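# Report on the structure
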Amino acid sequence: ATLVIVFAFVAYKQGWLKPLNSKVLMRTQPGSYTVKQFLDGDTVLVDMNGTEEKIRFIGIDTPETHKENTPVQCYGPAAAAYTKNRIGSQRIRLVSDSLTTNRDRYDRLLRYVYLEDGVNLNLELVQKGYAFAYAFPFAKSQEFNAAMEKAQAEKIGLWGNCAPYQLS
């Protein structure tokens, strides 16, 4: 084992090994899927090995664009467009949270969405003012709430363009 580690270190230092390509790694990583449809800013439909699953982003809520009996909310179309453009055709990695249920009341899988560059899209949506951070407990709630407070203070995204309110 020591010999293998030494060889790997020397090979790396000599430039014999190429850096890992995150796109290639993402395609082979468990929990990595292709988005089939963008439903709104915080919900996508993915192909999970032949089964279609609706994925609801953990810990966030973007303004509504398709909720029954609810008008399109300020910044909802912008949030949906941002999610679609940010993901594009790349694969996403889905990660569960031990503090939340596996599914919500609409039977959607609850997941953090990571992009090929390692970015947590859920958090990025909050940081850029496209989403509210939820008040219920989840593992990253403190980080998400701090990001939302910063976006509010700096009037980023919906905080500078709308009179935001969150539906329950």
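What this report covers is the structure whose coordinates are included nearby. Predicted, not measured: the structure shown is a model, and the values here were computed from it.

### Comments concerning the nonpolar core
Grouped together as the largest cluster of nonpolar side chains are 36 residues, with contacts concentrated most on Val 44, Val 46, Ile 92, Leu 94, Leu 121, Leu 125 and Phe 144. Of all the elements, strand E6 (residues 109-114) adds the most residues to this core, at five residues. Not counting residues within four places of it along the chain, the set of residues in contact with Val 46 comprises Tyr 33, Thr 34, Val 35, Lys 36, Thr 51, Glu 52, Glu 53, Ile 55, Ile 92 and Leu 94.

### So, helix H5 (residues 141-153)
With 13 residues, H5 ought to run about 18 Å at 1.5 Å a step, and its terminal C-alpha atoms sit 18 Å apart, in line with that. Listed as buried for H5 are Ser 141, Phe 144, Ala 147, Met 148 and Ala 151. Axial view of H5: buried residues confined to an arc of 130 degrees, hence all on one face. Exposed side chains of H5 directed beyond 90 degrees from the buried face belong to Gln 142, Glu 149 and Ala 153. Of the surrounding secondary structure, the elements contacted by the buried residues of H5 are strand E4 (60-61), E6, helix H4 (121-127), strand E7 (132-133) and helix H6 (158-161). Positive backbone phi, approximately 55 degrees, marks Lys 155, located one or two places after H5.

### Concerning the pairing of E6
Most of E6 sits out of view: six of its six residues are buried. By the alternation rule, side chains of E6 split into Leu 109, Arg 111 and Val 113 and Leu 110, Tyr 112 and Tyr 114, which are all buried. Note that strand E3 (residues 51-57) and E6 share three bridges and pair parallel. For Phe 57, the partnering residue across the bridge sits in E6 and is Arg 111.

Conventions used here
- Residues numbered from 1 in each chain as written.
- Predicted model: local features only at pLDDT ≥ 70, side-chain atom pairs only at ≥ 80, totals over all residues.
- Heavy atoms only, no water.
- Core = buried A, V, L, I, M, F, W, Y, C linked by side-chain atoms within 4.5 Å.
- Buried < 20%, exposed > 50% of the residue type's maximum accessible area, 1.4 Å probe, protein only.
- Helix = DSSP H or I, 4+ residues; strand = E, 2+ residues; numbered from the N terminus.
- Contact = heavy atoms within 4.5 Å.
- Expected span 1.5 Å × (residues − 1).
- Arc of directions from axis to C-beta.
- Pairing = 2+ DSSP bridges.

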